[in-house]
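Structure assessment
Letter by letter, the chains look like this.
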Amino acid sequence: MRVVKAAKKDALLRSAAFRHGAAVAVVVAASLLALPLRGLTDPDNLTMVYFTAVVMIALKLGLAPAIVGSVVSVALFNFLFTPPYYSFEAINPASYLTFGIMLVSSLLAAVLTSGLSSRLAEADQQKTETRLLLDVARALSSAVSRSDVEAGLSRLLSPRYQARVTLAAGTAGAAAVTRLSGLVWQVPLGGEEVGGDVLLLERGEPGDASDAARLELETVAALAAQALLRIANAEAAARATANQESERLRNVLLSSLSHDLRTPLTVLSGTVANLARMRKRLPRDAMEEVAQLTRQVTRLQTFTGNLLKMAAISAGHLRLHREPYSLLEIAGATLQRLGEVKGERRLLTQVSGDIPMIDMDGALIEQVIANLIDNAIQHTEPEGTIILELQRQEGQVRVSIRDDGPGLAPGDDAVIFERFKTGDGSLSDRKGGGGHGLGLAICRGIIEAHGGIIDARNNPEGRGACFSFTLPLGGASGRLS
Amino acid sequence: MILVIEDERDVRRLIQRSLEALGHEVIDAENGKTGLEALVRQKPDVVILDLGLPDRDGMAVLAAIREWSEVPVIVLSARDGESDKVAALEAGADDYLTKPFSAAELSVRIKVALRHAARAVSTGEPVITVEGLSVDLAARRVTLEGQEIHLTPIEYKLLTALMRHRGKVLTHGQIMKEVWGRHSNDGNQGLRIHMQHVREKLGDDPLSPRFIFTEPGIGYRFRMG
């Protein structure tokens with residue numbers, strides 16, 4: 001309420017008619033005060049009363065009313081205090097000299113006093129401005145969020161501008177304080193970093209901003225922009241730390257999972273292998289049990305390897321380390337590794353065309369080929385044939401693994417790479433190759449991250465299934481997901 | 001004598017029994033500290049080091065060993081992920097195995113490591129011969145089944161680097177350093193192209209290699225012989 005009252009008083013003081021009227025009233029009042037002294041003292045002494053009145057007018061009401069006051073003073077002095085009274089005539093010609101001196105000195109006093117007064121007002125204004133900027137800077141330096149900034153600005157600017165103060169996403173590009181509609185001022189915060197944010201002042205009364213107000217608001221806006229930038233940077237840093245922390249956690253989780261699964265498996269498979277070496281000392285039926293154990297442990301090993309790889313892929317933890325490789329050497333390394341697993345099966349290779357180097361993650365592509373060959377091994381008779389074929393095609397290389405097993409059941413080709421994802425209740429393959437769904441899902445993840453395509457169908461000629469994938473020669477970049 | 005530094009009691013016991021069955025003498029340690037002590041006191045011929053030790057990270061133990069000893073070190077890791085293996089190899093490990101591994105694999109790696117240790121002691125070989133491929137280091141002459149093979153200086157350096165460490169995996173970085181004297185930043189493209197040329201000249205089919213084996217994501221291994 002006090003604010004509103006003060007505002008009304010301010011507006012009244014600013015009205016020119018009021019100020020001039022008040023100036024005349026002051027001069028009239030001075031005349032009435034001096035009237036009882038008429039005749040008791042020399043009229044020249046009474047000029048000082050008018051002089052004082054003009055100085056007061058200049059001090060309080062400004063230069064123009066003081067000039068009006070000076071003129072009115074001389075007139076009233078002439079009218080009331082120089083004989084003949086109540087007439088603008090003068091008996092004594094010297095009075096005209098008095099009028100002249102009185103007018104000149106009053107005007108001089110008016111000019112000097114009002115200058116002094118406006119400089120005082122200016123200094124006062126500057127003091128409040130400095131105070132405000134200091135308060136704004138202090139409030140913003142402790143702000144830790146955007147809403148803190150908004151609250152601080154609102155608290156400090158609202159009373160000064162009689163406005164509701166808000167931060168908003170504005171039209172970037174506006175460079176200065178602009179009046180949007182009748183009552184709203186928009187102050188751009190400036191700088192690309194704050195994304196074209198603006199400060200909005202919804203004012204209680206219409207009117208444009210003065211130069212001083214513009215300057216002040218622009219300074220406040222620059223401070224706010226700095227604060228917002230600092231907050232944005234701090235938030236980004238906090239997010240990065242949180243990401244790093246969760247990445248580290250995933251890492252720790254995966255490697256302890258890996259350790260906890262692989263340690264007992266190592267002992268299990270090693271112990272079974274040691275048992276198998278004692279075949280001469282073990283009864284025949286015990287050896288049959290050992291053979292069964294060996295098969296199941298091998299299955300468990302494959303499954304665990306796939307499970308861990310899948311966990312790493314789905315944690316987004318596995319990144320592609322691309323280097324130029326020839327698919328020939330990757331396939332060669334795979335065949336080398338699977339040499340013992342294939343048993344009596346024939347593993348043939350066919351190459352057509354010139355196989356160029358392709359940017360790929362060699363270890364992961366080896367894993368894909370190994371999983372596909374392993375899958376073929378699981379689905380062929382012990383004396384079956386598996387063919388690994390590499391073909392140069394337009395813009396890509398195709399790798400196919402063909403077997404002469406029973407082939408895919410109708411409909412399998414569509415879902416075989418998705419078994420892990422569709423979650424039909426069992427992760428194991430109905431043909432007995434545990435965890436192959438997982439292995440194939442891994443293959444798909446790896447190939448798609450390389451920008452290739454993987455599919456499965458039955459061989460057009462004869463029997464058996466054909467799994468094949470392509471790798472583009474350009475090499476797409478990607479992260480496993 | 002083989003020193004096994006491994007914190008899991010059952011794995012330690014398994015390695016011990018498997019290696020003893022193959023005729024090796026085995027001592028063991030359950031952490032890095034006692035492992036280093038055993039290394040000083042007993043002077044084993046080969047160290048098998050688990051990278052996941054409880055007291056000190058296996059990599060730190062490896063670094064401590066390499067500060068003063070050239071003993072062959074085979075690292076065991078439960079993590080797959082080629083970067084771990086490359087890091088261990090470049091920190092001075094001679095070979096690596098990922099758990100679960102078979103006793104047969106371990107035995108092969110130990111044999112290679114022992115042979116390298118023996119060769120490092122002797123004063124170099126003037127002629128290296130592997131499967132009909134022969135390199136006369138003094139004459140800088142390469143022959144395959146008696147036929148001379150012409151290699152560029154880089155290809156010759158590449159081949160001899162691999163053959164001197166035959167049986168042992170060399171990372172791309174190690175080969176770069178040995179042949180060019182520095183690491184490369186070009187994704188080892190140059191190395192691969194030279195390697196392809198060497199393979200072609202040796203008539204080595206990458207699909208079923210006779211001499212040079214690719215270890216995807218890690219490097220190359222030359223046939224042990």
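Computed from a predicted structure; not experimentally measured.

**Considering the overall build of chain B**
- Along its length, chain B carries eight helices and 12 strands.
- Taking all 225 residues of chain B together, the buried fraction comes to 52%.
- Taking contacts inside chain B between residues at least 6 apart in sequence as the whole, the part at least 24 apart equals 58%.
- When the accessible area of chain B is evaluated, it comes to approximately 9,900 Å², of which 49% is carbon and sulfur surface.

**Some remarks on the overall build of chain A**
- Broken down by element type, chain A carries 13 helices and 11 strands.
- Within chain A, contacts between residues at least 6 apart in sequence are counted, and of these 70% link residues at least 24 apart.
- About 25,400 Å² of surface is accessible on chain A, with carbon and sulfur atoms providing 60% of the total.

**Digging into the interface of chain A and chain B**
- Opposite the 33 residues of chain A that make contact, chain B presents 32 residues.
- Buried area between chain A and chain B, summed over both chains or domains, comes out near 2,800 Å², and the portion from carbon and sulfur atoms is 60%.
- Ranking the residues of chain A by area buried against chain B places R262, T266 and E329 of chain A at the top, with a combined share of 20%.
- Where chain A touches chain B, the interface holds two salt bridges.
- The salt bridge involving E329 of chain A is made with R199 of chain B; its shortest N-O contact spans 3.0 Å.
- Here chain A is connected to chain B by nine residue pairs in polar contact (both at pLDDT 80 or more).
- Elements with a contribution of two residues or more to the side of chain A that touches chain B: α7 (211-277), α8 (284-314), β5 (323-326), α9 (327-338), β6 (346-352) and α10 (362-378) of chain A.
- Here the element with the most residues in the side of chain A that touches chain B is α7 of chain A; it accounts for 13 residues.
- Each residue belonging to the side of chain A that touches chain B can be placed in one class, and the counts come to 13 nonpolar, 14 polar and six charged.

**Concerning the packing of helix α2 (residues 32-42) of chain B against helix α3 (residues 58-66) of chain B**
All names here are of chain B.
- Between α2 and α3, the least distance of the axes is 10 Å, while the angle of their chain directions is 20°. Classified by the interaxial angle, the pair formed by α2 and α3 is roughly parallel. Note that α2 runs across α3; the crossing there is right-handed. Within the contact between the two elements, α2 uses G32, L36 and L39 and α3 uses V61, A64 and I65.
- In terms of residue class, the contact of α2 with α3 is made up of five nonpolar, one polar and no charged.

**Section: the nonpolar core**
- If you look at the biggest cluster of nonpolar residues, it comprises 46 residues, and the most contacted ones within it are L327, I365, L372, L390, F467 and F469 of chain A.
- Residue contributions to this core peak at nine residues, all from α10 of chain A.

**Looking at unusual backbone geometry**
- Cis geometry is adopted by the peptide bond preceding P84 of chain A, which originates at P83 of chain A and carries an omega value of 0°.
- Considering the arrangement of structural elements, one finds P84 of chain A in the loop between α4 (63-81) and α5 (94-141).
- In this structure, P100 of chain B follows K99 of chain B across a cis peptide bond, with omega equal to -5°.
- By the element assignment, P100 of chain B lies in the loop between β5 (95-98) and α5 (103-121).
- Here the phi dihedral of E145 of chain B falls at roughly 50°; this positive angle occurs in a residue that is not glycine.

**Here we look at the sheet that holds β5 of chain B**
Residues and elements named next belong to chain B.
- With parallel pairing, the five strands of this open sheet are ordered in space as β2-β1-β3-β4-β5. Each having just a single partner strand, β2 (26-29) and β5 make up the two edges of the open sheet. For this sheet the average axis-to-axis angle between neighbouring strands, irrespective of direction, equals 20°.
- Each of β1 (2-5), β2, β3 (46-50) and β4 (73-77) touches helix α1 (residues 9-21); the most contacted strand, β2, lies at about 170° to it.

**Here's the deal with the packing of aromatic side chains**
Residues and elements named next belong to chain A.
- In the structure shown here, the tally under the stated rule is 10 aromatic pairs over all chains.
- Measuring from centroid to centroid gives 6.0 Å for F77 and F99, while their planes differ by 90°, and the two rings are edge-to-face. Of this pair, F77 sits in helix α4 while F99 sits in helix α5, and the two are 22 residues apart along the sequence.
- Residue classification places F77 among the buried residues on the basis of a relative accessible area of 0%.
- Residue F99 is classed as buried on the basis of its relative accessible area of 8%.
- Three or more aromatic residues link up through ring pairs in this structure, and these residues are Y50, F77, F81, Y96 and F99.
- When the ring centre of Y85 is taken as reference, the NZ or CZ atom of R38 above it lies at 4.0 Å.
- Over the aromatic face of W185 sits the side chain of R203, whose NZ or CZ is 4.5 Å from the ring centroid.

**Overview of α1 of chain B**
- Under the 1.5 Å per step criterion, the end-to-end length of α1 of chain B is 18 Å for 13 residues, consistent within 8% with the ideal 18 Å.
- Once α1 of chain B finishes, G23 of chain B follows within two positions and takes phi at roughly 95°, a positive value.

**Notes on the side chain of D361 of chain A**
All names here are of chain A.
- Considering the arrangement of structural elements, one finds D361 in the loop between β7 (357-360) and α10.
- The charged side chain of D361 is buried without a salt bridge, its nearest counter-charge being K309 at 7.7 Å.
- If we skip the residues at most four places from it in the chain, D361 touches R319, L320, H321, R322 and H450.

**Focus: the pairing of β1 of chain B**
Residue and element names in this part refer to chain B.
- Burial of β1 is two-sided: the residues I2 and V4 facing one way and the residues L3 and I5 facing the other way are all buried.
- The pairing of β1 with β2 spans four bridges and is parallel. Bridged to V4 within β2 is D28.
- Here four bridges tie β1 to β3, and the two strands are oriented parallel to one another. Counterpart to L3 in the pairing with β3 is V47.

**Overview of the environment of N251 of chain A**
Residues and elements named next belong to chain A.
- Here N251 is to be found in helix α7.
- By relative accessible area, which is 31% here, N251 ends up partly exposed.
- Put simply, N251 and A312 are 61 residues apart on the chain and 8.8 Å apart in space, counted from C-alpha to C-alpha.

**Structural notes on the confidence of the model for chain B**
- In the predicted model, chain B carries a mean pLDDT of 87, and the fraction of residues at 70 or more is 95%.
- When the elements of chain B are averaged for pLDDT, α5 of chain B gives the smallest value, 81, and β1 of chain B the largest, 94.

**Side note on the pattern of salt bridges**
All names here are of chain B.
- Inspection of the entire model under this criterion finds 24 salt bridges over all chains.
- The salt bridge involving D28 is made with R12; its shortest N-O contact spans 3.7 Å. One end of the pair, D28, is in strand β2; the other, R12, is in helix α1, and 16 residues separate them in sequence.
- Given the relative accessible area of 37%, D28 is considered partly exposed.
- For R12, a relative accessible area of 11% corresponds to the buried category.
- Sharing partners across several salt bridges, the network here consists of D95, R109, E215 and R221.

What counts, and at which threshold
Residues numbered from 1 in each chain as written. Chains lettered and ligands numbered in written order. Predicted model: local features only at pLDDT ≥ 70, side-chain atom pairs only at ≥ 80, totals over all residues. Heavy atoms only, no water. Helix = DSSP H or I, 4+ residues; strand = E, 2+ residues; numbered from the N terminus. Buried < 20%, exposed > 50% of the residue type's maximum accessible area, 1.4 Å probe, protein only. Contact = heavy atoms within 4.5 Å. Areas by Shrake-Rupley, 256 points an atom, 1.4 Å probe, with all protein chains shown as cover. Buried area = accessible area lost by both parts, 1.4 Å probe. Salt bridge = Lys/Arg side-chain N within 4 Å of Asp/Glu carboxyl O. Polar contact = N/O pair within 3.5 Å; in protein donor to acceptor, adjacent residues only side chain to side chain. Nonpolar A, V, L, I, M, F, W, Y, C, P; charged D, E, K, R; others polar. Axes fitted to C-alpha atoms, helices over the stretch in contact; angles between N-to-C directions. Parallel < 35°, antiparallel > 145°, perpendicular 65-115°, else oblique. Left-handed = near helix turned anticlockwise from the far one by under 90°. Core = buried A, V, L, I, M, F, W, Y, C linked by side-chain atoms within 4.5 Å. Pairing = 2+ DSSP bridges. Phe/Tyr/Trp six-rings, centres within 6.5 Å; stacked < 30°, edge-to-face > 60°. Lys NZ or Arg CZ within 6 Å of the ring centre and 35° of its normal. Expected span 1.5 Å × (residues − 1). Lys, Arg positive; Asp, Glu negative; His and termini not counted. pLDDT = per-residue confidence, 0-100.

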